[in-house]
Amino acid sequence: MELWFTEKHTEDVKFSIQVDRQLYSSQSDFQRIDIFLSKEFGRFLTLDGYMMLTEKDEFIYHEMMVHVPMAVHPCVKKALVIGGGDGGTVRELARYQSIEHIDLVEIDEEVVSACRQYLQQTACGFDDERVHIYYEDGLKFVRRYENVYDLILVDSTDPFGPGEGLFTKEFYGNCYKALRADGIMVNQHESPFYPNDATAMQRAHKRIVESFPISRVYQAHIPTYPSGHWLFGFASKKYRPLEDQDIVRWKSMGIRTKYYNEQLHQGAFALPNYVEEMLEKVE
Ligand code: SAM
């Protein structure tokens, strides 16, 4: 007998992984949560049937979300992660001794408890004593703060269901307000490849450009996300992602990475022409 997890990437494209067995399944107040075990990708988490992470390729997403801004900002002391209930983003942040305080705002407590039970590879990030978890809507949480964070990482689901509010103009404006005068925001920026994802990506980019003086987009190859071509947004009040990359400072911290390196940092901002054109259209 063969068991397969299948995600529809478009009406005409499906992506499937053969599954050994299902480890967890639950309907929370916000979404359906499933964790599977597979031979090729190890354990993987899906929410409402959409791939969130696999043990095999999560390092790409989490390293690119965290180390790019950390190699640019000279002194992050207080960081906020919005979403990220699997723990992978806080795991990477916690590797920096300079960070004093990490807040994580996750709408769904059940995602955190399921990952703590079945996905220790990422959930180990929660064990660091600098990590403080709040279970609430990130949209509402961020409204309350002004001039508090050096870094905000928006590690959300896609722009529908509970994640919808995290792609709005109001949300980006409030992130701007919650950041200090030299703060940086990085968000998962969807994919440029399939038309529906590309439209969501352009909409998010337009709103970020309207909210921040500096806004650039960078890319990574993530095999289990639709098309494998994924984008991140780098929005900032002061620092530029390429000109202000401090290679000497970053290397001196001795952080060993599997995907990120200083050349890749520069190269990730070199986008294909069709992506540049999509971004320019909304700038
Ligand atoms: N890397 C993933 C991706 O792009 O597929 C995202 C992973 S992480 C599991 C996304 C988390 O965002 C989920 O656990 C979800 O519950 C959380 N989330 C969605 N909407 C949210 C909101 N409005 N406030 C806080 N967390 C939210």
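All of the points below concern the structure found in this document. Just so we're clear, the structure is a prediction, and the values are computed from it rather than from any experiment. (Residues numbered from 1 in each chain as written. Predicted model: local features only at pLDDT ≥ 70, side-chain atom pairs only at ≥ 80, totals over all residues. Heavy atoms only, no water.)

So, on to the sheet that holds strand 4 (residues 42-47). On the basis of which strands lie adjacent, the open sheet formed by five strands has the order 1-2-3-4-5 and antiparallel pairing. Looking at the sheet topology across the chains shown, the edges are occupied by strand 1 (3-10) and strand 5 (50-54). Adjacent strand axes in the sheet meet at a mean angle of 45°, parallel and antiparallel pairs treated alike. When strand 2 (residues 13-27) meets strand 3 (residues 32-38), the two strands line up antiparallel, connected through seven bridges. (Pairing = 2+ DSSP bridges. Helix = DSSP H or I, 4+ residues; strand = E, 2+ residues; numbered from the N terminus. Axes fitted to C-alpha atoms, helices over the stretch in contact; angles between N-to-C directions.)

Turning next to the pattern of salt bridges. Any two side chains of opposite charge can pair, on the condition that their charged atoms come close. What the rule picks out here adds up to 15 salt bridges. Linking Glu40 and Lys56 is a salt bridge whose minimum nitrogen-to-oxygen distance equals 2.6 Å. Linking Glu40 in the loop between strand 3 and strand 4 with Lys56 in the loop between strand 5 and helix 1 (58-70), this pair joins segments that are 16 residues apart in sequence. Residues Glu136 and Arg144 are paired through a salt bridge, measuring 3.1 Å at the closest nitrogen-oxygen approach. Each of Glu58, Arg91, Glu92 and Arg95 takes part in one network of salt bridges that share partners. (Salt bridge = Lys/Arg side-chain N within 4 Å of Asp/Glu carboxyl O.)

Our focus in this paragraph is the nonpolar core. Counting 62 residues, the largest nonpolar core has Leu45, Leu93 and Tyr218 as its most contacted members. No other element matches helix 1, which puts eight residues into this core. Looking at this core, you find at least three residues from each of domain 1 (3-53) and domain 2 (58-282). Beyond its immediate stretch of four places on either side in the chain, Leu45 contacts Ile33, Asp34, Ile35, Tyr50, Met51, Met52, Leu53, Asp86, Val111, Cys115 and Leu119. One finds Leu139, Leu179, Met185 and Phe212 within the second-largest nonpolar core, a separate group that totals 22 residues. (Core = buried A, V, L, I, M, F, W, Y, C linked by side-chain atoms within 4.5 Å. Buried < 20%, exposed > 50% of the residue type's maximum accessible area, 1.4 Å probe, protein only. Domains from an automatic or database assignment. Contact = heavy atoms within 4.5 Å.)

Here we come to helix 10 (residues 273-282). Taken together, the buried positions of helix 10 are Val275, Met278, Leu279 and Val282. Summarising the axial view, the buried residues of helix 10 lie within an arc of 95°, below the 170-degree limit, and thus occupy one face. With respect to the buried face of helix 10, the exposed residues turned more than 90 degrees away are Asn273, Glu280 and Lys281. Buried residues along helix 10 sit in contact with helix 7 (195-211), strand 11 (214-221) and strand 12 (229-236). (Arc of directions from axis to C-beta.)

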